[in-house]
Each structure stands twice: as structure tokens, then as C-alpha cells.
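In case you want the letters, here they are:
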Amino acid sequence: MHPSNDLDVILGNATATLELLGGLPHLEHRTNSCRWWWLNSTSAKHFQFIILAHPTCTTIGAIIEQAFRSLQSGKIETNTTSTTIADGLRTNLGDVNFPIIQELVNSIICVEEAEIIAAMKLIWERMKLIPSEPSSAVALAAVLKEKELFRNQHIGIIISGGNVDVKNLPF
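Calculation rules
- Residues numbered from 1 in each chain as written.
- Predicted model: local features only at pLDDT ≥ 70, side-chain atom pairs only at ≥ 80, totals over all residues.
- Heavy atoms only, no water.
- Buried < 20%, exposed > 50% of the residue type's maximum accessible area, 1.4 Å probe, protein only.
- Helix = DSSP H or I, 4+ residues; strand = E, 2+ residues; numbered from the N terminus.
- Pairing = 2+ DSSP bridges.
- Salt bridge = Lys/Arg side-chain N within 4 Å of Asp/Glu carboxyl O.
- Expected span 1.5 Å × (residues − 1).
- Polar contact = N/O pair within 3.5 Å; in protein donor to acceptor, adjacent residues only side chain to side chain.
- Contact = heavy atoms within 4.5 Å.
- Core = buried A, V, L, I, M, F, W, Y, C linked by side-chain atoms within 4.5 Å.
- Arc of directions from axis to C-beta.

With that settled, consider the pairing of strand S2 (residues 58–64). Of all seven residues that make up S2, six are buried, and the element is covered over most of its length. Direction of pairing for S2 relative to strand S3 (residues 107–111): parallel, over a ladder of five bridges. Residue pairing across strands places Ile64 opposite Val111, the latter belonging to S3.

Let us now look at the pattern of salt bridges. Across all of its chains, the model carries three salt bridges by this definition. Residue Arg69 is joined to Glu77 by a salt bridge in which the shortest nitrogen-to-oxygen separation is 4.0 Å. Among the salt bridges present, the one from Glu115 reaches Lys145, with a minimum N-O distance of 3.7 Å. You can see Glu115 sitting in helix H6 (residues 113–127) and its partner Lys145 sitting in helix H7 (residues 134–145), a full 30 residues away along the chain. We classify Glu115 as partly exposed; its relative accessible area is 24%. Taking the relative accessible area as the measure of exposure, Lys145 reaches 35% and is therefore partly exposed.

What follows covers helix H1 (residues 7–23). Under the 1.5 Å per step criterion, the end-to-end length of H1 is 25 Å for 17 residues, consistent within 8% with the ideal 24 Å. Within H1 the residues assigned to the buried category are Val9, Ile10, Ala14, Thr17, Leu20 and Leu21. The N-cap residue of H1 is Asp6: its side-chain oxygen and the backbone nitrogen of Asp8 are 2.9 Å apart.

Turning our eyes to something else, we now look at unusual backbone geometry. Of note, Asn152 is a non-glycine position whose phi angle comes to about 60°, a positive value. With respect to the secondary-structure elements, Asn152 resides in the loop between helix H8 (147–150) and strand S4 (155–157). Taking the relative accessible area as the measure of exposure, Asn152 reaches 72% and is therefore exposed.

What follows covers the environment of Arg69. Locating Arg69 in the fold gives a position in helix H4 (residues 65–73). Residues Arg69 and Asn79, 10 residues apart in the sequence, show an inter-C-alpha distance of 8.8 Å. Setting aside residues no more than four positions away along its own chain, Arg69 makes contact with Glu77, Thr78, Asn79 and Thr80. Within the structure, Arg69 has its side chain in polar contact with the backbone oxygen of Thr78 (distance 2.4 Å).

Before going further, it helps to spend a moment on the nonpolar core. Ranked by size, the top nonpolar core spans 21 residues in total, and within it Ile109, Val111, Ile116, Met120, Ala137 and Val138 carry the most contacts. Contributions of two or more residues to this core are made by S2, S3, H6 and H7. Among the elements that make up this core, the one with the highest residue count is H7 (six residues).

Because each turn of an α-helix spans 3.6 residues, side chains separated by three or four positions end up pointing in the same direction. Here H6 spans 20 Å end to end across 15 residues, near enough to the 21 Å set by a 1.5 Å rise per residue. Among the residues making up H6, those that are buried are Ile116, Ala119, Met120, Ile123 and Trp124. End-on view of H6: buried residues confined to an arc of 130°, all on one side of the axis. With respect to the buried face of H6, the exposed residues turned more than 90 degrees away are Ala114 and Arg126. On its buried side, H6 packs onto S2, S3 and H7. Following H6 by one or two positions, Lys128 adopts a phi angle in the positive range, close to 60°.

Keep in mind these values describe shape, not function.
Structural data, given as C-alpha cells:
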């Protein structure tokens, strides 16, 4: 079973978005890292009532450079490098999740390694969400990078995962 390109996994992960939107109906944006795009996108596609209940809530994808090339070219590009702290995002986009992303993600924010590390450090130090994965911190990094875009907005970010090698933390 593929961790991001299998429809059963996609639909299973979509329940987190349902919970987020159900608990916070006033959200204007929701943002998630590339690995979780299918979570948001599939929720909107396969659970149509979300669109009706939240007609103004947009999905903003947060991504690292490696996956951004696919969205720019419009076709699935293979990764040229796997050097990122966000190890959960090292995989390539697939034929199941890529079309969903193309159709339903409203916009994309590309973040750098230093921004991911700063966001992860903020999550660990201020929110005390230890351990949360570096891949999960990509969503917060995007919000921090584009502060003006999100100023005075209600934002939903799903922070998840526990796949962290604490011996290799950059802080």
C-alpha cells in the first residue's frame, strides 16, 4: 500500500480534514504540506458537503522545491535529490494524488529548508507538540513565509506525525 498514492489511504487520511472543518467552521484557509494535500483535496472531492458547508475555505498547499517542479510543468517529475529534513516529502507525486492536487488545491507556497527548520523548532518549543514530523512543519513554514497573505484570517493547519530521528535534529 503506497503511503500517499493509494485511494484507500487518501480517503482514510481525509477524516482529519473532516474533523478540522467540523470543529472550526469559520476557517477561511486550510494549509497542509505536500504529503497531506491529498488529505485536503480528497476531502473536498469525496465529501462534497464540505464544499457546501465551507464555500469560502480555500486549500493552500505547502511544498518543498522537489515537488514544486511537478506542479510547474503539469506532469509528474521525479525527484532529483532527496536531501531535505522533511523526509516524508521525499516521495514523488503519483497518478492518484497528483490529479486531485491539480484540480482542488487553490494555490501553492514553496518553502526552503531553513523555513522548515524554523517552523519545526517553533512547533516543538512553543506548542510543545513533540515529536511532530518535519514534513508536518512545512505547512506552518508556508504560513510564516506568507504572513501578509494570512494576516487576520482563520487558518487551519494539521500538524501530525511522529517520524522524527531526534539524534539528527538541526536545533
